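Below are the chains, spelled out letter by letter.
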Amino acid sequence: MTTMGRPKGNGETPKHNIRVPDDVWTAAKERAKKDHTNVSTIVVAALRQYAAQGTIPLSRGLVTQLIDQADARSAAQRHLPLSDELASVLREKAMDAPQAPYSPGKCR
């Protein structure tokens, strides 16, 4: 992801306050630095996607967690577990499309 900076115009982007736990903020700043961007750019991109599509971006880690949870539920319900091949394909798709939608409250 590239840093977009401030929009052209009057030179000032409105400021808005949000509450974020310190550990989340610190981790986000560190990750953004590794990705050569900043937290503001990440937040704006996520809010734009949420406003336009009602979805939030999924990370590869979250996809893996959801697959593991589905596996656990499947095993608990005595259904066949998610195959390694299917899990691999889903992880690949998550890497190919890091902006895969996730609708809060719709996935249980």
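Everything numeric here is computed off the predicted structure, so don't read it as measured data. (Residues numbered from 1 in each chain as written. Predicted model: local features only at pLDDT ≥ 70, side-chain atom pairs only at ≥ 80, totals over all residues. Heavy atoms only, no water.)

Looking only at helices and strands, one finds four helices and two strands in the protein chain. Listing the helices and strands of the protein chain from first to last along the sequence gives α-α-β-α-α-β. Here the protein chain holds 108 residues, and the buried ones make up 12% of them. If you sum the accessible surface of the protein chain, you get close to 9000 Å²; carbon and sulfur atoms cover 56% of it. (Helix = DSSP H or I, 4+ residues; strand = E, 2+ residues; numbered from the N terminus. Buried < 20%, exposed > 50% of the residue type's maximum accessible area, 1.4 Å probe, protein only. Areas by Shrake-Rupley, 256 points an atom, 1.4 Å probe, with all protein chains shown as cover.)

On to the confidence of the model for the protein chain, then. Predicted confidence across the protein chain gives a mean pLDDT of 75, with 71% of residues reaching 70 or more. The spread of mean pLDDT over the elements of the protein chain runs between strand β2 (residues 101–102), the lowest at 54, and helix α1 (residues 22–34), the highest at 90. (pLDDT = per-residue confidence, 0-100.)

This paragraph deals with the side chain of Thr55. The residue Thr55 is located in the loop between α2 (39–53) and β1 (56–57) in this model. Of the residues examined, Thr55 reaches a relative accessible area of 7% and is grouped as buried. In this structure the side chain of Thr55 is engaged in a polar contact, spanning 3.3 Å, whose partner is the side chain of Gln53. (Polar contact = N/O pair within 3.5 Å; in protein donor to acceptor, adjacent residues only side chain to side chain.)

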